[in-house]
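Structural overview
One letter stands for each residue in the lines below.
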Amino acid sequence: YDVIRLHEKLADMAPHVVEKLLGEPNRQLSNATTWRYGKKGSLAVTVQGNKAGLWHDFETGEKGNLFHLISQTAGLS
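Okay, so let's go over this structure. (Residues numbered from 1 in each chain as written. Predicted model: local features only at pLDDT ≥ 70, side-chain atom pairs only at ≥ 80, totals over all residues. Heavy atoms only, no water.)

1. Remarks on the side chain of Thr 46
Quick reminder of the rule: Here a helix means four or more residues in a row that DSSP labels H or I, a strand means two or more in a row labelled E, and each is numbered from the N terminus. Only heavy atoms enter the contact rule, under which two residues are in contact if any of them lie within 4.5 Å.
Relative to the helices and strands, Thr 46 resides in strand S2 (residues 43-46). Look past the residues within four positions of Thr 46 in its chain and what remains in contact with it is Ala 14, Thr 33, Thr 34, Lys 51, Ala 52, Gly 53 and Leu 54.

Take a look at the structure:
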């Protein structure tokens, strides 16, 4: 598989992928390009634009792309 192309396709589908993985975002703290999760919005996931698919958990310091988010939520290494 072409990993770069797969990453691009995942990024194009970021809103759908993220919602399947994490559920509804915190709508009060989210906007059209970045969805926030948690009471304080410490998990930020970009779902639109040139950084779609990138995320950062400000509570734990972890960050990555959708591959990392999928593996983390699925408990994969």
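2. Describing the packing of aromatic side chains
Selection rule: Whether two aromatic rings pair depends on their centres lying within 6.5 Å, for rings of Phe, Tyr and Trp, where Trp uses its six-membered ring; planes under 30 degrees apart make the pair stacked, over 60 edge-to-face, and the rest tilted. Think of it as a cone above the ring: NZ of Lys or CZ of Arg counts as a charge over the ring if it is within 6 Å of the ring centre and within 35 degrees of the ring normal.
This model, assessed by the stated rule, comprises zero aromatic pairs. Taking the ring centre of Trp 35 as reference, the NZ or CZ of Arg 27 above it sits at 5.4 Å.

3. What to know about the pairing of S2
This is how the line gets drawn: The rule is simple: take the accessible area with a 1.4 Å probe, protein chains only, and divide by the maximum for that residue type; under 20% is buried, over 50% is exposed, in between is partly exposed. Any two strands with at least two DSSP-identified bridges between them are counted as paired.
Of the two faces of S2, the one lined by Leu 43 and Val 45 and the one lined by Ala 44 and Thr 46 are each fully buried. Summarising the sheet, strand S1 (residues 34-37) and S2 pair through four bridges and their orientation is antiparallel. The residue bridging Tyr 37 from the neighbouring strand is Leu 43, located in S2. The turn linking S1 back onto S2 is made up of five residues, and Gly 38 within it adopts a positive phi angle of 95 degrees. Examined bridge by bridge, S2 and strand S3 (residues 55-57) share three bridges and lie antiparallel to one another. Residue Val 45 lies in a different strand from S3, and its bridge partner there is Trp 55.

4. Section: the side chain of Asp 57
The following threshold applies: Working convention for charge: Lys and Arg count positive, Asp and Glu count negative, and His plus the chain ends are omitted. By convention in these notes, a salt bridge is any Lys or Arg side-chain nitrogen within 4 Å of a carboxyl oxygen on Asp or Glu.
When you line up the elements, Asp 57 lands in strand S3. One buried charge, Asp 57, has no salt-bridge partner; the nearest side chain with opposite charge is Arg 36, at 8.7 Å. Excluding residues within four positions of it along the chain, Asp 57 makes contact with Ser 42, Leu 43 and Glu 62.

5. Re the nonpolar core
We count it as follows: Only buried Ala, Val, Leu, Ile, Met, Phe, Trp, Tyr and Cys residues count toward a nonpolar core, and they belong to the same one when joined by side-chain atoms within 4.5 Å.
The biggest cluster of nonpolar side chains holds 14 residues, and the ones touching the most others in it are Val 18, Tyr 37, Val 45, Val 47 and Leu 66. Mapped onto this core, the elements with two or more residues apiece are helix H1 (3-12), helix H2 (14-22), S1, S2 and helix H3 (66-73). Looking at which element gives the most residues to this core, the answer is H2, with three residues. For Val 45, the residues in contact, after removing those within four places along its chain, are Val 18, Leu 22, Thr 33, Thr 34, Trp 35, Tyr 37, Leu 54 and Trp 55.

6. Things to note about the packing of H1 against H2
The following threshold applies: To obtain an axis, a line is fitted to C-alpha atoms, over the contacting stretch when the element is a helix, and the angle between two such axes runs from 0 to 180 degrees between their N-to-C directions. Working definition: roughly parallel below 35 degrees, roughly antiparallel above 145 degrees, roughly perpendicular at 65 to 115 degrees, and oblique for all remaining angles.
Following both chains from N to C, one finds H1 and H2 inclined at 80 degrees, their axes separated by 5 Å at the closest point. In terms of their interaxial angle, H1 and H2 are classed as roughly perpendicular. Counting all contacts with H1, which are made through Leu 10, Ala 11 and Asp 12, the residues of H2 involved are Ala 14, Pro 15 and Val 17.

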